[in-house]
Amino acid sequence: MKFELVEPDEEQAIVDDGRGTEEAEPLPRGVDPGLARASARMRARLRDDLATLGASLNRLNEHIQIAQRRELDEAPAAPPPPTSFRAGAFSRPGAP
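Residues numbered from 1 in each chain as written. Predicted model: local features only at pLDDT ≥ 70, side-chain atom pairs only at ≥ 80, totals over all residues. Heavy atoms only, no water.

(A) Examining the overall build of the chain more closely. For the chain, the count of helices and strands is one helix and zero strands. The buried share of the chain, taken over its 96 residues, is 2%. Of the roughly 9700 Å² that the chain leaves accessible, carbon and sulfur atoms contribute 57%. (Helix = DSSP H or I, 4+ residues; strand = E, 2+ residues; numbered from the N terminus. Buried < 20%, exposed > 50% of the residue type's maximum accessible area, 1.4 Å probe, protein only. Areas by Shrake-Rupley, 256 points an atom, 1.4 Å probe, with all protein chains shown as cover.)

(B) Examining a nonpolar patch on the surface more closely. Nonpolar side chains collect at one region of the surface, where Leu46, Leu50, Leu53, Leu57, Leu60 and Ile64 lie side by side and expose about 560 Å² of accessible area between them. In this fold, leucine 53 is placed in helix 1 (residues 33–74). Leucine 53 gets classed as partly exposed once you look at its relative accessible area, which sits at 45%. (Patch = residues over 30% accessible without salt bridge, like charges linked within 9 Å, V, L, I, M, F, W, Y side chains within 5 Å. Salt bridge = Lys/Arg side-chain N within 4 Å of Asp/Glu carboxyl O.)

(C) Region of the structure containing the environment of proline 8. Looking at the element boundaries, proline 8 is found in the segment before helix 1. A sequence separation of 30 residues divides proline 8 from alanine 38, and the C-alpha atoms of the two residues are 9.9 Å apart.

The values reported here are purely geometric and, on their own, carry no functional implication.
Structure follows, in structure tokens:
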């Protein structure tokens, strides 16, 4: 397989906010700097996406818990059986 390194166009360009410049380790010998930058951008985007996903899942969990509490609070109590109800009428005659 052959891969070409292409630079992102204006719509795909990511503004570098300066994060990670202090943490940058020297690249091992033979590693393309463009590939290293792309990898760093990918990791940053993934980290941000995972943080967003975690926040969304936490909000969803809160909504589910609130809905479950409401269902428990609003659940009507089972009404007592009517006075004309005879439980013995449903049993078989002669059954132990």
